[in-house]
Amino acid sequence: MGSLFLQKGVLVWLFLFSLSFICGTTAQGTVFIDGKIAIGRIDRHFICATLDWWPPEKCDYGTCAWDHSSFLNLDLNNIIFLNAIKAFSPLKIRLGGTLQDKVIYQTEDHKQPCVSFVRNTTEMFGFTPGCLPLSRWDELNAFFNKSGASIIFGLNALYGRSVHPDGLSVGAWDPSNAESLIHYTVKKGYDIHGWELGNELSGSGVGTRVAADQYASDTIALYKTVQDAYENSETKPLVLAPGGFFDESWFRELVNKAGASFDVATHHIYNLGPGRDEHLLEKILDPSYLDGEADTFSKLQNILKTSGSSVVAWVGEAGGAYNSGRNHVTNAFAFSFWYLDQLGMSAAYDTKTYCRQTLIGGNYGLLNTTTFVPNPDYYSALLWHRLMGRNVLATSFSGTKKIRAYAHCAKQSQGITLLLINLDGNTTIHARVDFNGTMLHRRKHKHHHNHRKSSIKLPRSSKIASNTREEYHLTAKDGNLQSQTMLLNGNALTVDTSGNIPTFEPIYVNSTEAITVAPFSIVFVHIPYVLLPACS
């Protein structure tokens, strides 16, 4: 065992040595972590991804990036797709998007023909209304059951309303069509985690808008529908609203008027602008630009804290760059800088779940739209899911603005997990960790045996485990930020010929060493021997 660890130690040293001499300069820095109390607490399953309605004819700026990725036409027999979802056990999936408010659900009495969306430029959102066949709903639920997914379904909040020329939708939501789908779902025994009302109708809306007081009434109507449909069920699904862009006064009114009738306030994030923007990469690498979204998280957190209700915040849809993202940016290594920073920042403001647009589809999918092969952000999401526990720790970095630092109590394991993102392409950072003024490398290490199931492979010898941390270094293949291949500790992450998702092997580093963060790299660090009050 000793010689094996020595060999591994030499390999680790060589790997870190090569990382620190890839290019440019080196600098020192300190991660400050306050371990006294948690500043946020995420859901046990924080990672969520979306599936959308868009047909293959959905195009942006002359590019048609959706193919057969709508949940109406997805290949549910693709083995990579199944394995990619199963790897999370469970992955939350939010079904919804722009066209959801134009969907009619087929009912059991089949009064009308169930037709697909048809491209029509004179229609709002560019398509005629479409229909969800019950046969497809059956197929989807069989697949969700098999893959272990946890489903949030976005309902058609424009049903029964009329849209005025000024863009305002007037009248109450007619819940009858949604009611028939919900009752059918209950009758069939399909497990739905939550029902969400509407898509991007809050504030000034997208395409059209609904006033906040009306939306509050509609949310109360959905709550009553769900209570009625699930009256004989032990557990009831969550009620979510409004699935739109954050508007402070609008959201405050919704929460104040409907707060007792819904569980989750969902908001959408496309803070990088349109997918056609040729400066997306610069925005992603600009710390001050990334910081801009903190204002939304902070204001929503304040509304919920002061409302007296038990409503919590989710990011219900976030693709970063709207209109399907940008090929070789929002589906490439570089986007993990934005995505993981968003996960860390949102969690620090007590966001409970974060839904990425998309699981598959457009140019911002976690999976490739045609091959289903994981893009870099898929692996970033899975590492987060396995390593970052529920309790969020106040974390800051001193030394450079180009390092983004986040820390949580570790998941299913003792200690903490630290996430460091280096937005600097020229500087290797050697980071020390300081817990309330106690430098980590001066800390006395005791033997702590982990009795709980761990999703992270630890060395077998407790002697090694007591003064060793695990590190997961993520870099782009060939140093190309627009590469769609991500390296973990220098090795490419790829599915095998059977469509299996790769395992994540950490490197083991002695606790006296500083954490090396190479230029343009991301590091997850699991430190098992640090026991903090916030994690007890």
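This is a predicted model, so every value here is computed, not measured. (Residues numbered from 1 in each chain as written. Predicted model: local features only at pLDDT ≥ 70, side-chain atom pairs only at ≥ 80, totals over all residues. Heavy atoms only, no water.)

Draft legend 1. Structural detail: the overall build of the protein. Across its full length, the protein holds 12 helices and 27 strands. For 536 residues, the compact-globule estimate of 2.2 N^0.38 gives 24 Å, and the C-alpha radius of gyration of the protein, at 24 Å, lies within 12% of that figure. Each principal axis of the C-alpha atoms in the protein carries an extent, and together these give about 75 × 45 × 40 Å. For the protein, the residues scored as buried account for 57% of the 536 residues in total. Summarising the internal contacts of the protein: among those between residues at least 6 apart in sequence, 76% fall at separations of at least 24. Total accessible area on the protein stands at roughly 21,200 Å², and carbon and sulfur atoms take up 50% of it. Of the side chains in the protein, 46 bear a positive and 47 a negative charge, and the two mean positions are spaced by 9 Å. (Helix = DSSP H or I, 4+ residues; strand = E, 2+ residues; numbered from the N terminus. Rg over C-alpha atoms; globule rule 2.2 N^0.38 Å. Buried < 20%, exposed > 50% of the residue type's maximum accessible area, 1.4 Å probe, protein only. Contact = heavy atoms within 4.5 Å. Areas by Shrake-Rupley, 256 points an atom, 1.4 Å probe, with all protein chains shown as cover. Lys, Arg positive; Asp, Glu negative; His and termini not counted. Charge placed at Lys NZ, Arg CZ, Asp CG, Glu CD.)

Draft legend 2. Molecular detail of the packing of aromatic side chains. Across all of its chains, the model carries 23 aromatic pairs by this definition. Geometrically, the ring pair formed by W137 and F153 is edge-to-face, given 5.0 Å between the ring centres and 70 degrees between the ring planes. Within this pair, whereas W137 is found in helix α3 (residues 134–147), its partner F153 is found in strand β7 (residues 150–155), the two being separated by 16 residues in sequence. The exposure classification of W137 matches that of F153, with both residues buried. Here F143 and F144 contribute two aromatic rings whose centre-to-centre distance is 6.1 Å and whose plane-to-plane angle is 65 degrees, an arrangement assigned as edge-to-face. The rings of F81, F143, F144 and F372 are connected pair by pair, giving a single aromatic cluster. The ring of W54 has K58 lying over it, and the distance from NZ or CZ to the ring centre is 4.2 Å. Directly above the aromatic system of Y339 lies the positively charged group of R356, at a separation of 4.7 Å from the ring centroid. (Phe/Tyr/Trp six-rings, centres within 6.5 Å; stacked < 30°, edge-to-face > 60°. Lys NZ or Arg CZ within 6 Å of the ring centre and 35° of its normal.)

Draft legend 3. Spatial organisation of helix α5 (residues 212–229). In this model α5 runs 25 Å from its N-terminal to its C-terminal C-alpha over 18 residues, within 8% of the 26 Å that 1.5 Å per residue would give. Of all the positions in α5, only A212, Y215, A216, D218, T219, L222, T225, V226 and A229 are classed as buried. (Expected span 1.5 Å × (residues − 1).)

Draft legend 4. Layout of the nonpolar core. The biggest cluster of nonpolar side chains holds 126 residues, and the ones touching the most others in it are W137, F153 and W384. Sort the elements by how many residues they give to this core and helix α10 (residues 335–348) lands first, with eight residues. Leave out the neighbours within four places in its chain, and W384 touches I42, F46, I47, L340, L343, G344, A347, H408, L419 and F524. If you look at the next biggest cluster of nonpolar residues, it comprises 24 residues, including L393, A405, V433 and I527. (Core = buried A, V, L, I, M, F, W, Y, C linked by side-chain atoms within 4.5 Å.)

Draft legend 5. Inspection of the pairing of strand β10 (residues 194–197) at higher detail. The two faces of β10 match: G194 and E196 on one face and W195 and L197 on the other face are all buried. By the bridge criterion, four bridges tie β7 to β10 in an arrangement that is parallel. Across the sheet, residue F153 finds its bridge partner in β10, namely W195. The pairing of β10 with strand β11 (residues 238–245) spans three bridges and is parallel. Within β11, the residue paired with G194 across the bridge is L238. (Pairing = 2+ DSSP bridges.)

Draft legend 6. Representation of helix α11 (residues 376–387) in the model. Under the 1.5 Å per step criterion, the end-to-end length of α11 is 17 Å for 12 residues, consistent within 8% with the ideal 16 Å. Counting buried residues along α11, 11 of its 12 residues qualify, which places the element largely inside the surrounding structure. Taken as a whole, α11 has its buried residues at P376, D377, Y378, Y379, S380, A381, L382, L383, W384, H385 and L387.

Draft legend 7. Looking closely at the side chain of E470. Relative to the helices and strands, E470 is located in strand β22 (residues 468–476). Within the buried core, E470 has no salt-bridge partner, and the shortest N-O distance to an opposite charge, that of R469, equals 9.5 Å. Of note is the side chain of E470, whose polar atom sits 2.5 Å from the side chain of H526. (Salt bridge = Lys/Arg side-chain N within 4 Å of Asp/Glu carboxyl O. Polar contact = N/O pair within 3.5 Å; in protein donor to acceptor, adjacent residues only side chain to side chain.)

Draft legend 8. Inspection of the packing of helix α2 (residues 79–86) against α3 at higher detail. One way to put it is that α2 packs onto α3 with a least axis distance of 9 Å and a crossing angle of 55 degrees. Relative to α3, α2 is oriented oblique. For the pair formed by α2 and α3, the contact residues are F81, L82, I85 and K86 on the first element and F143, K146 and S147 on the second. Classifying every residue of the contact of α2 with α3 by side-chain character gives four nonpolar, one polar and two charged. (Axes fitted to C-alpha atoms, helices over the stretch in contact; angles between N-to-C directions. Parallel < 35°, antiparallel > 145°, perpendicular 65-115°, else oblique. Nonpolar A, V, L, I, M, F, W, Y, C, P; charged D, E, K, R; others polar.)

Draft legend 9. Spatial organisation of the state of the cysteines. Considering all chains together, one arrives at four disulfides under this definition. The disulfide bridge from C114 ends at C131, spanning 1.9 Å between sulfur atoms. An S-S torsion of about -95 degrees defines the bridge between C114 and C131 as left-handed. In this pair, C114 sits in the loop between β5 (103–105) and β6 (130–132) while C131 sits in strand β6, placing the two residues 17 residues apart along the sequence. A residue is classified by how much of its surface remains accessible, and C114, at 27% relative accessible area, is partly exposed. With relative accessibility at 8%, the residue C131 sits in the buried group. If the cysteines joined by disulfides in the protein are listed in sequence order, their pairing comes out as 1-6, 2-3, 4-5, 7-8. (Disulfide = S-S within 2.5 Å.)

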